[in-house]
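An overview of the molecular structure
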Amino acid sequence: MRELPKTYDPKAVEDKLYQFWNDSGFFHAEVNPDKKPFTIVIPPPNVTGQLHMGHAFDETLQDILIRTKRMQGYEALWMPGTDHAGIATQIKVEENLREQEGLTRHDLGREKFLERVWAWKEQYGGRIISQLKKLGSSCDWARERFTMDEGCSRAVREVFVNLYNKGLIYKGHRIINWCPHCATALSDAEVEYETQPGKLWHIRYPLSDGSGALVVATTRPETFMGDTGVAVHPDDERYKHLIGKTCILPIIGREIPIFGDEYVDMTFGTGCVKVTPCHDPNDFEMGERHQLEQILVFHEDATVNENGGKYAGLDRYECRKAVIRDLEEGGYLVKTEEHEHNVGTCYRCGTTVEPITSAQWFVKMQPLAAPAMQVVTEGKTRFEPDRFAKTYLRWMENVHDWCISRQLWWGHRIPAFYCDECGEMVVSKEDVQVCPKCGAAHMRQEEDVLDTWFSSALWPFSTLGWPDKTPELDYFYPTSTLVTGYDIIFFWVARMIFSGVEHMGETPFDTVYIHGLVRDAQGRKMSKSLGNGIDPLEIIDQYGADALRFTLATGNSPGNDMRFSDERVQASRNFCNKIWNASRFIQMNLTIDTDKQAALPADLATEDKWIVSKYNTLVREVTRNIDQYELGLAASKLNDFIWDNFCDWYIEIAKTRLQNGDENVQRVLCYVLSGAMQLLHPFMPFITETIWQALPHEGPSVMVSPWPEYDETLHFAAEEAQMETLMSAVRAIRNRRSEMNVPPSKKAKVLVLTEQKDTFAAGRVFFAKLAYASEIELIDAVPEDAAKMASVVTGDAQLYMPMGDLIDFTAERARLAKEKAKVEDDIAFVMKKLDNPKFVDKAPAHVVAVEREKADKLREHLAKLEESIAALG
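Let us look at the structure shown here.

**A word on helix H15 (residues 489-504)**
- For H15, the buried fraction is high: 13 of the 16 residues fall into the buried class.
- Where H15 terminates, the next one or two residues include Gly505, which has phi positive at roughly 80°.

Written out as structure tokens, the structure reads:
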């Protein structure tokens with residue numbers, strides 16, 4: 001048994017303990033037919049990223065679950081790995097290349113640039129893994145995966161080709177979201193919408209026959225060069241007579257049709273909509289329905305192309321200004337209104353997204369969405385909290401085809417091959433060197449790569465060996481619980497579910513445990529712009545990993561955001577110190593055999609039965625809370641039990657017995673503390689391991705010790721009630737003494753009038769100590785001189801303390817007289833102001849009101865002092 005140092009120093013133990021756990025193989029899981037599996041796949045962080053508070057929150061919750069299940073006897077696998085993070089990683093390397101060498105990726109060429117990215121990955125790829133280890137994450141590092149490793153890459157090709165052969169992947173010329181900064185297409189889920197102030201411009205489009213004009217309202221005049229029609233609602237009485245006619249596009253002079261479409265909102269703007277099929281998804285759909293011409297007016301960098309005529313070369317916002325100026329000068333601008341509207345922005349860089357038509361690769365979603373919705377509606381996969389199932393289903397009901405091609409170099413290159421001779425396209429799991437149609441050897445692979453989320457959608461089964469039928473895949477899939485934030489339900493969760501159902505024939509996980517975001521103390525989202533981000537590694541360095549983990553756990557309720565503050569971490573650090581000091585005190589007072597685990601003695605005192613029963617209830621409730629994903633509630637209950645019941649009550653009660661060499665109380669202390677450390681271990685692994693090793697125990701580590709189980713024979717309801725009676729009496733006495741400013745060193749006789757004399761008699765020794773009593777007397781009636789006693793009443797007793805035991809009457813009279821004189825002086829000072837008409841008339845009303853309130857409070861204080869003086873006689 002190791003002796004605990006005087007103070008707990010996380011830095012002295014955390015790295016050593018983590019190495020001990022890892023070297024001992026405690027994190028590793030194997031196919032084990034004798035055990036039930038429990039599997040969590042880690043949401044793979046960006047390979048070149050750094051640990052932020054969101055990661056720390058996510059990994060802490062996962063580690064709590066996996067450590068609990070491991071102790072409960074499951075074959076618990078926490079599958080780790082990292083994501084290649086296409087856009088994020090490529091941008092990092094491009095920035096470095098530009099800053100350090102003044103080069104672009106095009107200067108290097110694709111092959112050389114990718115060599116640089118792989119080198120960057122090798123240099124920084126291990127950083128976030130080492131940071132996860134600092135947090136205490138008990139992942140099976142022997143199984144660590146990377147979304148672009150050989151196995152995952154093979155799975156990606158397998159899935160792509162299978163879906164293509166089923167007609168579920170196609171290449172099409174459609175409207176997509178384009179980020180001009182990242183220079184790549186984005187899926188719908190990668191676009192974040194925000195309300196921005198803007199304008200609504202009313203523009204006159206002359207009718208071709210010269211009979212008048214119609215007025216369109218638009219928020220995007222810079223795209224008008226690509227207008228190929230004007231839409232009105234077919235039932236709009238104002239315009240239905242114009243359907244089938246044509247109008248003239250201002251400035252450009254092109255004749256465009258006027259048509260009816262039920263998409264048009266008659267109440268918005270003028271009820272006439274300019275239709276630009278290449279630059280608005282709704283316009284694209286109308287264009288398809290009415291066979292409109294498609295005219296693209298922007299380059300990929302959002303500058304105007306040759307189709308923009310005189311505006312060619314201008315940035316889109318410069319173009320907007322020029323167009324408005326020309327429309328105004330030509331007499332086409334009718335009016336301008338202020339208008340707030342939703343604007344799509346890139347989730348990665350925040351740039352306003354440009355809808356454009358482009359040849360891209362898509363996944364056909366409707367056939368995949370239906371079975372993925374079914375597994376949720378049938379309860380095969382459930383969301384915790386349940387409200388997020390509705391969010392998921394609503395999104396899946398309205399899902400559009402998924403644009404999966406990205407104009408990047410870093411990522412899984414799309415396995416489509418083109419023949420330069422005959423134009424044949426071949427999609428293949430293997431590289432194609434010879435054209436199967438014409439026999440030419442000039443085959444060129446698709447330049448685009450796949451969306452990062454395409455590979456991470458396969459994570460639950462690709463990491464277990466799929467497409468091979470491995471023992472691990474058969475044993476650990478479907479996985480058990482996915483832990484993730486609500487912000488990536490669409491990015492990742494939905495795609496994993498439909499991928500698992502499509503390729504494995506069953507859902508990838510039983511439960512999706514959704515947590516919120518970590519916000520600052522004011523409830524604001526952490527961001528670079530606000531400068532309110534908190535580095536979890538700095539918190540670990542200052543307070544230890546356990547303090548950080550416990551703070552994240554106690555602030556958490558499923559699905560809700562949590563606020564993080566330094567004060568809360570300090571409270572968790574104080575909890576560590578409380579546990580440590582209590583454990584050290586117990587260890588220093590042990591005389592029993594410390595070589596084996598302490599069993600409960602047969603003979604238990606009332607207070608022993610109380611703490612054992614309370615601990616027994618804690619086992620049941622914490623286990624249930626963890627099973628129901630109420631991790632914050634479980635952490636709070638552990639905190640309350642250890643701090644209040646165990647440290648502040650039971651240890652204080654036990655001290656006298658310890659001094660007398662009572663071995664029974666030693667066994668109870670060890671039994672409860674050891675068990676409490678097991679329950680607390682998933683939340684605070686380092687300090688609990690250190691303490692558990694310092695107590696009588698069996699087995700190599702607390703993390704592989706059996707999880708405590710509720711025992712009905714250790715439920716002592718009567719003793720719990722008796723102890724509550726005594727504790728209530730102690731609290732009442734302490735509160736009364738505090739009100740009277742009586743120090744703990746001042747002992748007083750306590751007379752107890754109660755029907756529960758046996759309870760007070762049994763606890764007489766510790767009750768007297770905790771109530772600062774010189775002696776305890778059980779009485780049958782109210783004392784005759786009760787008026788000269790301080791008294792308190794609880795639910796089970798009336799308690800009396802002679803005033804003479806509590807107070808030095810002469811000294812108290814002098815103290816009260818001095819305080820009374822000061823209050824009278826304060827009243828005189830305030831009243832001098834209030835009796836002065838100049839002050840009352842000239843001072844601001846709120847200042848006068850403050851003085852009057854001050855006078856009232858001083859008079860109340862004076863009255864209480866006079867009551868106290870009168871009571872002393």
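After that view, the rundown keeps rolling.
**As for the packing of aromatic side chains**
- Going through the model one piece at a time under the given rule, you end up with 31 aromatic pairs.
- Here Trp118 and Trp410 contribute two aromatic rings whose centre-to-centre distance is 5.0 Å and whose plane-to-plane angle is 80°, an arrangement assigned as edge-to-face. Taken as a pair, Trp118 in helix H5 (residues 110-124) and Trp410 in the loop between strand S17 (405-406) and strand S18 (416-419) lie far apart in primary sequence, 292 residues in all.
- With relative accessibility at 32%, the residue Trp118 sits in the partly exposed group.
- We classify Trp410 as buried; its relative accessible area is 1%.
- Among the aromatic side chains, those forming a connected cluster through ring pairs are Phe160, Tyr164, Trp361, Trp402, Phe454 and Phe498.
- Seen from the ring of Trp141, Lys133 lies directly overhead, with NZ or CZ sitting 5.1 Å from the centre.

**Remarks on H5**
- Taking 1.5 Å of rise per residue, 15 residues should cover 21 Å, and H5 covers 21 Å from first to last C-alpha, within 8% of that figure.
- Residues Arg110, Phe113, Val117, Trp120 and Lys121 constitute the buried set of H5. Seen end-on, H5 carries its buried residues on one side only, within an arc spanning 100°. Within H5, the exposed residues directed more than 90 degrees away from the buried face are Glu111, Glu122 and Gln123.
- On its buried face, H5 is in contact with helix H3 (86-101), helix H4 (105-108), strand S4 (145-146) and strand S21 (449-450).

**Digging into the sheet that holds strand S29 (residues 797-802)**
- Strand order in the open sheet formed by 4 strands is S27-S26-S29-S28, and the pairing between neighbours is mixed. Here the strands that pair on one side only, and so sit at the sheet edges, are strand S27 (773-779) and strand S28 (789-793). Across the sheet, the axes of successive neighbouring strands diverge by a mean angle of 20°, strand direction being ignored.

**Side note on the sheet that holds strand S15 (residues 382-384)**
- Strand order in this open sheet of 3 strands is S15-S23-S22, and the pairing throughout is parallel. If you trace the sheet from one side to the other, it starts and ends with S15 and strand S22 (479-485), each paired once. Strand after strand, the sheet turns through a mean of 20° between neighbouring axes, direction not considered.
- Bridge count for S22 against strand S23 (residues 509-515) is 6 bridges, and the pairing is parallel. Note on S23: the bridge partner recorded for Leu482 is Val512.
- Against the sheet, H15 makes contact with S15, S22 and S23, and its axis sits at roughly 165° relative to S22, the strand it touches most.

**Structural notes on the side chain of Thr463**
- Along the chain, Thr463 falls in the loop between helix H13 (459-462) and helix H14 (471-476).
- A distance of 2.6 Å separates a polar side-chain atom of Thr463 from the backbone oxygen of Trp459.
- If we skip the residues at most four places from it in the chain, Thr463 touches Val41, Met79 and Arg145.

**Concerning the side chain of Glu222**
- Position of Glu222 among the secondary structure elements: in the loop between strand S8 (213-218) and strand S9 (229-232).
- Judged by its relative accessible area of 0%, Glu222 is buried.
- Within the structure, Glu222 has its side chain in polar contact with the side chain of Arg320 (distance 2.9 Å).
- Not counting residues up to four positions away in its chain, the partners in contact with Glu222 are Phe298, Arg316, Cys319 and Arg320.

**Observations regarding the packing of helix H17 (residues 545-554) against helix H18 (residues 566-588)**
- In contact at an axis separation of 8 Å, H17 and H18 are set at 120° when each is read in the N-to-C sense. Considered as vectors, H17 and H18 are oriented oblique to each other. Here H17 runs over H18; the crossing is right-handed. Contacts from Asp546, Ala547, Phe550, Thr551 and Thr554 in H17 reach Arg568, Val569, Ser572, Arg573, Phe575 and Cys576 in H18.
- The residue inventory of the contact of H17 with H18, partitioned by class, reads 5 nonpolar, 3 polar and 3 charged.

**Here we look at the pattern of salt bridges**
- On inspection of all chains with the given rule, the structure shows 60 salt bridges.
- Between Arg316 and Glu354 there is a salt bridge, with its nearest N and O atoms 2.9 Å apart. Here Arg316, found in helix H9 (residues 316-329), pairs with Glu354, found in strand S14 (residues 354-363); they are 38 residues apart in sequence, far enough to count as distant. The pair formed by Arg316 and Glu354 is uniform in burial state, with each residue classed as buried.
- The network of salt bridges with shared partners includes Arg220, Glu222, Arg316, Arg320 and Glu354.

About the cut-offs
Residues numbered from 1 in each chain as written. Predicted model: local features only at pLDDT ≥ 70, side-chain atom pairs only at ≥ 80, totals over all residues. Heavy atoms only, no water. Buried < 20%, exposed > 50% of the residue type's maximum accessible area, 1.4 Å probe, protein only. Helix = DSSP H or I, 4+ residues; strand = E, 2+ residues; numbered from the N terminus. Phe/Tyr/Trp six-rings, centres within 6.5 Å; stacked < 30°, edge-to-face > 60°. Lys NZ or Arg CZ within 6 Å of the ring centre and 35° of its normal. Expected span 1.5 Å × (residues − 1). Arc of directions from axis to C-beta. Contact = heavy atoms within 4.5 Å. Pairing = 2+ DSSP bridges. Axes fitted to C-alpha atoms, helices over the stretch in contact; angles between N-to-C directions. Polar contact = N/O pair within 3.5 Å; in protein donor to acceptor, adjacent residues only side chain to side chain. Parallel < 35°, antiparallel > 145°, perpendicular 65-115°, else oblique. Left-handed = near helix turned anticlockwise from the far one by under 90°. Nonpolar A, V, L, I, M, F, W, Y, C, P; charged D, E, K, R; others polar. Salt bridge = Lys/Arg side-chain N within 4 Å of Asp/Glu carboxyl O.

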